[in-house]
Amino acid sequence: MRRSTLAILLLAAAGLAAGALQATGLQDGAPSDPHLKVVPRVSAEQARIEAVTRPATAFDAPERFEERSAGAGTRFGYANAHAFSAPSANMPFERALDFQVGNGLFKKLWVSAPASTKASDGLGPLYNARSCQRCHLKDGRGHPPAGPEDSAVSMVLRLSVPGPEGAQPHPVYGSQLQDFSVPGVPAEYRLAVTWEEVAVPLSEGETATLRKPRWRAEDLGYGPLGAGAMLSPRIAPQMIGLGLLEAIPAADILALADPGDADGDGISGRPNLVASEEYGVTMLGRFGLKAGAPTVRAQSADAFRGDIGISSPLNPEGWGDCMPAQTACREAPHGGAVEIEEAALDLVAFYSRNLAVPARRDVADPQVLSGKRVFYEAGCTACHVPKFVTHRLEDRPEQSFQLIWPYTDLLLHDMGAGLADNRPEGRASGREWRTPPLWGIGLTEAASGHSYFLHDGRARSLLEAVLWHGGEAEAARQRVVEMPAADRAALLRFLGSL
């Protein structure tokens, strides 16, 4: 097993020891949380935190507060199409207006420059969508294209080529392929996919069918991609609970890392440590499918730049992801070096930070409890860590000192050749992905109208998502394949209750 919760608390209180730093690959100091106004934990709190985050050992009844996935911010009564769009339940009244304005900016349709609506121009010149909401419909999960007529607006194709210091942007197409453009500028490509059906035998005569994708970039607008191009298809993830993930102490997450598998349990999670230009320090990556962004604000700015072509104080280039070789794009009108002002970016980040996590359902149901036991016994909690306590924060009451149940360690794990995109990102290899939070996953179909999972939406059900696990998760996957059918059904019922 990896380090205990008590060890995490000691590290959080005293700072990472030199050996722990060396294990994470960071030699020049531990990533702190400079984006947060933290009230330091006192010793009297540590015993309480250790008690409430201790792993479950009995499965005959729910744990205390288990239905409150997001602590006091949990939303009850939202097991419907609006499951992912409610504000934190503990949001003070005076902050509700900021949430609503942020929601308006999240839904805002941008237009190309020059336009009479100066506050809304600057789209593109290359883009994947005209608003945040177009990708994150109802703040939920995207999906792969259903056919040639589906524009796949909730999916993007990341791009890199090998460089002297690892992966770098493509010299012509940049770091992401955009399938839309303003008039006079050619779009970059059209996303296409073909599927191969693969049968997987399970215990007791059951069978599952996986679909293996082959992604293609067709109708390229600026010539061939050339040798060495690395493509990574990604659907838009759900938006809930981001502020709470941001508020987990970095030391608590780093204490879970075991990059050399020193304890021999087969799990070797690694942090993606990223340079923050905003704060001028190395920070823990938490957001994005490979944990490439350290804060919600940075992730929001990156999405504005790459997906919509909107510049911000963090990415002040009016042409978005256009490379110098794309002369028509670079010469097209744009809305200025900063197309979304700092105050508006902050409101979008506030909205994104405060999308509430819906309450658990059926936590006392006998089959759900049995599935929880199976989840633990199969080893799923080695990566999908159930519980954390967030920082006590001076200026973020919604996220301050909450017991949360995200079921993630926010670390990178080798998921095997089957899920590999073979595209490095920061310290993440082409086989590594950040452990996705599981909270809210059972409401995907209600909120998003589909049940597609994993980074590229290949899994059509939670069972298929489990069966795609490999690498560090291969042993857990095999246990699911071999376990009694009743246990497998219980496991899926538990996941559906999250």
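Scroll up to find the structure this text is about.
Quick look at the structure, then. Remember, predicted model here, so these are calculated numbers, not experimental data. (Residues numbered from 1 in each chain as written. Predicted model: local features only at pLDDT ≥ 70, side-chain atom pairs only at ≥ 80, totals over all residues. Heavy atoms only, no water.)

Structural notes on the overall build of the protein chain
Phase 1 of the analysis: Counting its secondary structure elements, the protein chain contains 15 helices and 16 strands.
Phase 2 of the analysis: Out of the 498 residues in the protein chain, the part that is buried amounts to 56%.
Phase 3 of the analysis: A total accessible area of about 19,800 Å² is found for the protein chain, and carbon and sulfur atoms account for 55% of it.
Phase 4 of the analysis: Taken as two groups, the 48 positive and 58 negative side-chain charges of the protein chain have centres that lie 2 Å from each other. (Helix = DSSP H or I, 4+ residues; strand = E, 2+ residues; numbered from the N terminus. Buried < 20%, exposed > 50% of the residue type's maximum accessible area, 1.4 Å probe, protein only. Areas by Shrake-Rupley, 256 points an atom, 1.4 Å probe, with all protein chains shown as cover. Lys, Arg positive; Asp, Glu negative; His and termini not counted. Charge placed at Lys NZ, Arg CZ, Asp CG, Glu CD.)

As for the packing of helix α8 (residues 296-308) against helix α10 (residues 342-353)
Phase 1 of the analysis: Packing of α8 against α10 leaves a shortest axis separation of 9 Å and a crossing angle of 115 degrees. The angle between α8 and α10 falls in the class roughly perpendicular. The hand of the α8/α10 crossing is right-handed. Here α8 contributes Val296, Arg297, Ser300, Ala301 and Phe304 to the contact with α10, which in turn contributes Glu342, Leu345, Asp346, Val348, Ala349, Ser352 and Arg353.
Phase 2 of the analysis: Residue composition of the contact of α8 with α10, grouped by class: six nonpolar, two polar and four charged. (Axes fitted to C-alpha atoms, helices over the stretch in contact; angles between N-to-C directions. Parallel < 35°, antiparallel > 145°, perpendicular 65-115°, else oblique. Left-handed = near helix turned anticlockwise from the far one by under 90°. Contact = heavy atoms within 4.5 Å. Nonpolar A, V, L, I, M, F, W, Y, C, P; charged D, E, K, R; others polar.)

Observations concerning the state of the cysteines
Phase 1 of the analysis: Under the defined criterion, the tally for this structure stands at one disulfide.
Phase 2 of the analysis: Disulfide partner of Cys322: Cys329, at an S-S distance of 1.4 Å. Each of the two residues, Cys322 as well as Cys329, counts as buried.
Phase 3 of the analysis: Sulfur of Cys132: no disulfide; nearest cysteine sulfur belongs to Cys135 and is 8.0 Å away.
Phase 4 of the analysis: Given the relative accessible area of 14%, Cys132 is considered buried. (Disulfide = S-S within 2.5 Å.)

Side note on the packing of aromatic side chains
Phase 1 of the analysis: Per the counting criterion, the structure on display carries ten aromatic pairs.
Phase 2 of the analysis: A centroid spacing of 5.7 Å and a plane angle of 80 degrees characterise the contact between Phe375 and Tyr407, whose relative ring orientation is edge-to-face. Linking Phe375 in helix α11 (residues 366-377) with Tyr407 in the loop between β14 (403-404) and β15 (412-414), this pair joins segments that are 32 residues apart in sequence. Of the two residues examined, Phe375 and Tyr407, each falls in the buried class.
Phase 3 of the analysis: When the ring of Phe375 is compared with that of Phe494, the centres are 5.2 Å apart and the planes differ by 55 degrees; the resulting orientation is tilted. Of the two residues, Phe375 is situated in helix α11 and Phe494 in helix α15 (residues 485-497); the sequence distance between them amounts to 119 residues.
Phase 4 of the analysis: Put simply, the rings of Phe99, Phe106 and Tyr351 pair up and form one aromatic cluster.
Phase 5 of the analysis: Sitting above the plane of the Trp195 ring, Arg211 keeps its charged end 3.8 Å from the centroid.
Phase 6 of the analysis: In this structure, Lys290 packs its charged tip against the face of Trp433, placed 4.6 Å from the ring centre. (Phe/Tyr/Trp six-rings, centres within 6.5 Å; stacked < 30°, edge-to-face > 60°. Lys NZ or Arg CZ within 6 Å of the ring centre and 35° of its normal.)

Quick word on unusual backbone geometry
Phase 1 of the analysis: Here the amide bond leading from Ala113 into Pro114 is cis, since omega sits at -5 degrees, within 30 degrees of zero.
Phase 2 of the analysis: Tracing the backbone through its elements, the reader meets Pro114 in the loop between α4 (96-107) and β2 (126-127).
Phase 3 of the analysis: Note that the residue after Gly124, namely Pro125, is joined by a cis bond; omega there is 10 degrees.
Phase 4 of the analysis: Tracing the backbone through its elements, the reader meets Pro125 in the loop between α4 and β2.
Phase 5 of the analysis: Positioned with a positive phi, Glu204 is a non-glycine residue whose angle comes to about 60 degrees.

Brief notes about the pairing of strand β8 (residues 207-218)
Phase 1 of the analysis: Relative to β8, strand β7 (residues 190-201) runs antiparallel, the two being bridged by twelve bridges. Residue Arg190 lies in a different strand from β8, and its bridge partner there is Glu218.
Phase 2 of the analysis: Hairpin connection between β7 and β8: a loop of five residues separates the two successive antiparallel strands, and Glu204 in this loop has a positive phi of roughly 60 degrees. (Pairing = 2+ DSSP bridges.)

Here's the deal with helix α3 (residues 43-53)
Phase 1 of the analysis: Turning to α3, its buried residues are Glu45, Gln46, Ile49, Glu50 and Thr53. Burial along α3 is one-sided: seen end-on, the buried residues are contained in an arc of 135 degrees. Opposite the buried face of α3, at more than 90 degrees from it, the exposed residues are Ala44, Ala47 and Arg48. (Arc of directions from axis to C-beta.)

Points about the nonpolar core
Phase 1 of the analysis: Counting 54 residues, the largest nonpolar core has Trp110, Ile248, Phe304, Ile308, Ile340 and Trp439 as the members making the most contacts within it.
Phase 2 of the analysis: Elements with a contribution of two residues or more to this core: α4, β2, α6 (242-246), α7 (250-254), α8 and α10.
Phase 3 of the analysis: It is α10 that contributes the most residues to this core, six residues altogether.
Phase 4 of the analysis: Sequence-distant contacts of Ile308, that is, excluding residues within four places in its chain, are made with Trp110, Leu123, Gly124, Leu126, Tyr127, Ala129, Arg130, Ser131, Cys132 and Ala303.
Phase 5 of the analysis: Residues Leu462, Ala473, Val481 and Leu495 belong to the second largest nonpolar core, which totals 41 residues. (Core = buried A, V, L, I, M, F, W, Y, C linked by side-chain atoms within 4.5 Å.)

Let's talk about the pattern of salt bridges
Phase 1 of the analysis: Evaluation of the coordinates by the stated rule reveals 34 salt bridges.
Phase 2 of the analysis: A salt bridge links Glu432 to Arg270, with the shortest nitrogen-to-oxygen separation between them at 2.6 Å. With a gap of 162 residues between them, Glu432 in strand β16 (residues 432-434) and Arg270 in the loop between α7 and β10 (273-276) connect regions that are remote in the sequence.
Phase 3 of the analysis: Residue class for Arg270 comes out partly exposed when judged on its relative accessible area of 24%.
Phase 4 of the analysis: Through salt bridges with shared partners, a single ionic network connects Glu63, Glu66, Arg360, Lys372 and Lys387. (Salt bridge = Lys/Arg side-chain N within 4 Å of Asp/Glu carboxyl O.)

Describing the pairing of strand β3 (residues 155-163)
Phase 1 of the analysis: One ladder, built from six bridges, connects β3 with strand β9 (residues 230-235); its direction is antiparallel. Directly across from Met155, in β9, lies its bridge partner Ile235.
Phase 2 of the analysis: Pairing analysis gives two bridges linking β3 to strand β5 (residues 176-177), with the strands arranged antiparallel. If you follow Leu157 over to β5, its bridge partner there is Leu177.
Phase 3 of the analysis: Where β3 meets strand β4 (residues 166-168), three bridges bridge the pair, whose relative direction is antiparallel.

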